[in-house]
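A closer look at the structure
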Amino acid sequence: MIPLAGDLGNTKGVVKEKIGSFGTTRGTSTLKRGFAHMLKNGVVMDVTTVEQAKIAEDAGAVAVMVLDKLPSDVRKAGGVARTASIRIIQEIIDSVTIPVMAKCRIGHVYEAMVLQETNVDMIDESEVLTPADENHHIWKWDFTSPFVNGARNLGEALRRIEEGAAMIRTKGEPGTGNVAEAVIHIKNVNTELRRIKSIYDAGDEQDLISVARELKVSYSIVEETASLGRLPVVNFAAGGISTPADAAYLMTLGCDGVFVGSGIFKADDAKERAQAIVLATTFWEDPDKVKEAQKMIDERQSMLGLDTKNLELRMQERGSTA
Amino acid sequence: MSGGINVGILAVQGDVEENILATKMAIEELGMEGIVTEVKTPEQISDLDGLIIPGGESTVIGTLSLVNGSLKKIKEKIASGMPVFGICAGMIILSKKAKDRVVGEMDQPLLDFLDIKIERNAFGRQKDSFESEISIDKIGVSKFPGVFIRAPSIIEIGKDVEILSKFNEKIIAVKQGNVIGTAFHPELTGDISLHKYFVSLIKKKN
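What comes next is a walk through the structure. For every chain, the first residue of its written sequence is number 1, and the numbers climb from 1 along that sequence. Numbering of ligands from 1 and lettering of chains from A proceed in the order in which they are written. Given that this is a predicted model, residues contribute local features only at a pLDDT of at least 70 and side-chain atom pairs are listed and counted only at 80 or more, while totals for whole chains, interfaces and linings are drawn from all residues. Heavy atoms throughout the structure, all of them, feed into the side-chain values; hydrogens and water do not.

1. Re the sheet that holds strand 9 (residues 141–148) of chain B
What counts is decided by this rule: Any two strands with at least two DSSP-identified bridges between them are counted as paired. We count a stretch as a helix when DSSP gives it H or I for four or more residues in a row; a strand needs E for two or more, and each element gets its number in order from the N terminus. Axis definition: a line fit to C-alpha positions, over the contact stretch in the case of helices; interaxial angles, taken between N-to-C directions, run 0 to 180 degrees.
Strand order in the open sheet made by the four strands is 1(A)-2(A)-8(B)-9(B), with antiparallel pairing throughout. The sheet is open, and its two borders are formed by strand 1 (15–19) of chain A together with strand 9 of chain B, each paired with just one other strand. Within the sheet, the average angular offset between the axes of one strand and its neighbour, ignoring direction, is 30 degrees. When strand 2 (residues 22–26) of chain A meets strand 8 (residues 130–136) of chain B, the two strands line up antiparallel, connected through two bridges. The partner of Thr25 of chain A across the bridge, within strand 8 of chain B, is Glu131 of chain B.

In structure tokens:
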């Protein structure tokens, strides 16, 4: 049994059909959130080509995320960042057996429609791309394909879940090779979860209602989340992960898995690094195994990275107030 | 708890937690005694009376279990009669052979125990994932909520394999000796009858 807090039930994305004599239903929250549960304790890797996707699959990635440019190149290039070429997404779908995800712009309903028609397994409504509508995220209940969304705190996460997100990734600052922001945000979420759990345990409904108002979400999702003491969907960490130790550290903070963006394919030892990050994510509880994983990479080949203090573009802030 | 059974959930990758919950409930409802733990290492696996290999990505679970010797240990334990339940990716890992619907023949680490050939992603991609009511009459379950997520199907079976359930002519659940495999995910539903059936196969050793 998985938590279905916030589920709206029979929405536009839910499709009832018949296969032979069997009645079937697609696009339910059990199927969308259940898909994310299958990714747990895994690494999703950003890729831009078929070659990179194959390296990721061989290294033990649990899924690949297709982009036009890696986040650090998006940052350098400036201009408008849009969803990746459908032709490349299709080639990758035909070349690997693991799930394939792709990013669309925040609020860009039709980029998402195109990705759903392309048959990607999950759509990432992502702040790495240039937002199309910062005030309104996509109403994800209209889709049969599941979505993952970024969040920096509990309010953002629950608002995205109420819009239909089946999975959350706590945002870092993409394309920096610097894990600092990811650490801050997962700790924020954890602190807020502990706070509402203690209010729930104390039976203080009045205080729980004021939390719901403060976070701009429904009382029922706050109550269910508080009773669980965790987000009601799978939560991965993302943003700036570059080394096996980075990944293992985020796992100790209670993440269900990690997304690695530029950290692998912007490094000079991508193949070894991809394998090493998978090992460290799987065996994060065993410091000796994480050390062995860390030994597989060469720090002189890590991406240089950026200090997150003086960035002109803070991708994490995109769409965060909506 | 020393008198109870020891059931492990292979915790390399995938939906481990849901299987722990469902198995604990099954043990309780059957009025048995036992513990359910996450297992990752060959040492932990050697102490078990029963094992569930959960859903996840079969290439990832298989490769990483091979790396640390767990796969070899599981094989020994199956040979000595330990009941194992493989769900979706778990069933693929228990099988002899797997091919992907789009990519073709696969060269991935498999336990080579269940005498079946698997077609991975047999029902399509995530958008085609579906729920449907199925029946598993062979074990006395006439209605069961089938949750199929990028599910495999079984395209060939050997003579020692018993078919437990079919969906529109596709084989979706099998049993061979003490090993069960399903293409669908009972742990994602509130129905624990399959977990109860599996737990009832487990005998305390010694």
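2. A short note on the packing of helix 10 (residues 244–252) of chain A against helix 13 (residues 287–295) of chain A
Residue and element names in this part refer to chain A. Which entries qualify depends on this criterion: Angles below 35 degrees are treated as roughly parallel, those above 145 as roughly antiparallel, those between 65 and 115 as roughly perpendicular, and all remaining angles as oblique. Between two residues, a contact is recorded if the distance between any of their heavy atoms is within 4.5 Å. Polar here means any residue other than Ala, Val, Leu, Ile, Met, Phe, Trp, Tyr, Cys and Pro, which are nonpolar, and Asp, Glu, Lys and Arg, which are charged; Gly is therefore polar.
Two elements in contact, helix 10 and helix 13, have axes separated by 8 Å at closest approach and are oriented at 150 degrees. Between helix 10 and helix 13, the crossing angle belongs to the class labelled roughly antiparallel. Of the residues in helix 13, those touching helix 10 at Pro244, Ala245 and Ala248 are Val290, Ala293 and Gln294. Tallied by class, residues from the contact of helix 10 with helix 13 come to five nonpolar, one polar and no charged.

3. Quick word on the packing of aromatic side chains
Selection rule: Aromatic contacts are taken between Phe, Tyr and Trp rings whose centres are within 6.5 Å, Trp giving its six-membered ring; a plane angle under 30 degrees counts as stacked, one over 60 as edge-to-face, and the others as tilted. A 1.4 Å probe rolled over the protein chains alone gives each residue an accessible area, and that area as a share of the maximum for its type sets the label: buried under 20%, exposed over 50%, partly exposed in between. The criterion is that NZ of a Lys, or CZ of an Arg, lies within 6 Å of the ring centre and within 35 degrees of the ring normal, and then a charge sits over that ring.
One pass over the structure, following the stated rule, counts 12 aromatic pairs over all chains. Seen from their ring centres, Phe143 of chain A and Phe147 of chain A are 5.0 Å apart, and the 80 degrees between their planes marks the pair as edge-to-face. Just as Phe143 of chain A is buried, Phe147 of chain A falls in that class too. Here a set of aromatic residues connected by ring pairs shows up, and it is made of Phe22 of chain A together with Phe123, Phe130, Phe144, Phe148, Phe167 and Phe184 of chain B. When the ring centre of Phe283 of chain A is taken as origin, the NZ or CZ atom of Lys289 of chain A, which lies over that ring, is 5.0 Å away. Across the ring face of Phe123 of chain B, the terminal group of Lys170 of chain B is positioned such that the distance to the ring centre comes to 4.9 Å.

4. Observations concerning the interface of chain A and chain B
Condition: In this description, buried area is defined as the sum, over both parts, of the accessible area (probe of 1.4 Å) that is lost when the two are combined. Between Lys or Arg on one side and Asp or Glu on the other, a salt bridge is scored when a side-chain nitrogen of the former is within 4 Å of a carboxyl oxygen of the latter. Polar contacts, as used here, are pairs of N or O atoms within 3.5 Å; protein pairs need one atom able to donate a hydrogen and one able to accept it. Residues neighboring in sequence count only if both atoms are side-chain atoms.
Across the contact, 46 residues belong to chain A and 43 residues belong to chain B. Each partner contributes to the roughly 3700 Å² buried at the junction of chain A and chain B, and carbon and sulfur atoms together form 57% of this total. Considering only the side of chain A, the residues that lose the most area to chain B are Met1, Met38 and Thr97 of chain A, jointly responsible for 20% of the buried surface there. Counting the contacts that link chain A with chain B gives five salt bridges. Across the chain A-chain B interface, the total number found is 23 residue pairs in polar contact (both at pLDDT 80 or more). Listed by contribution, the elements that provide at least two residues to the side of chain A that touches chain B are strand 2, helix 1 (29–37), helix 5 (109–118) and helix 12 (270–282) of chain A. Top element by residues in the side of chain A that touches chain B is helix 1 of chain A. It accounts for six residues. Residues that form the side of chain A that touches chain B fall into these classes: 19 nonpolar, 19 polar and eight charged.

5. Structural notes on the pattern of salt bridges
Any two side chains of opposite charge can pair, so long as their charged atoms come close to each other. Inspection of every chain in the model, using the stated rule, returns 39 salt bridges over all chains. A salt bridge links Glu17 of chain B to Lys40 of chain A; its shortest N-O distance comes to 3.6 Å. Placement of the pair is Glu17 of chain B in helix 1 (residues 16–29) and Lys40 of chain A in the loop between helix 1 and strand 3 (43–47), with the two residues belonging to separate chains. Looking at Glu17 of chain B, the relative accessible area reads 43%, which means it is partly exposed. Judged by relative accessible area, Lys40 of chain A falls into the buried class, the value being 6%. A salt bridge links Asp201 of chain A to Lys197 of chain A, with the shortest nitrogen-to-oxygen separation between them at 3.2 Å. On the criterion of helical spacing, the pair formed by Asp201 of chain A and Lys197 of chain A is a turn pair, its members being four residues apart in helix 7 (residues 180–201). Note on Asp201 of chain A: relative accessible area 53%, which makes it exposed. Residue class for Lys197 of chain A comes out partly exposed when judged on its relative accessible area of 29%. Here the residues in one salt-bridge network are Lys103, Asp124, Glu127 and Arg169 of chain A, joined through shared partners.

6. Side note on helix 4 (residues 86–93) of chain A
Residues and elements named next belong to chain A. We count it as follows: The arc in question is traced by the directions running from the helix axis to the C-beta atoms.
Taken as a whole, helix 4 has its buried residues at Ile89, Ile92 and Ile93. An end-on view of helix 4 places all buried positions within 105 degrees of arc, on one side of the element. For helix 4, the elements touching its buried residues are strand 3, helix 2 (50–59), strand 4 (63–66), strand 5 (100–105) and helix 5.

7. Details of helix 9 (residues 219–228) of chain A
All names here are of chain A. Regarding helix 9, the residues found buried are Ile221, Val222, Thr225 and Ala226. The buried residues of helix 9 all sit within an arc of 130 degrees when viewed along its axis, so they share a single face. The elements touched by buried residues of helix 9 are helix 6 (154–162), helix 7 and helix 8 (205–215). Phi turns positive one or two residues past the end of helix 9, at Gly229, with a value near 75 degrees.

8. Regarding the side chain of Ser72 of chain A
Mapped onto the secondary structure, Ser72 of chain A falls in helix 3 (residues 71–77). The contact partners of Ser72 of chain A, leaving out residues within four places of it in the chain, are Gly175, Ser262, Lys266 and Met303 of chain A.

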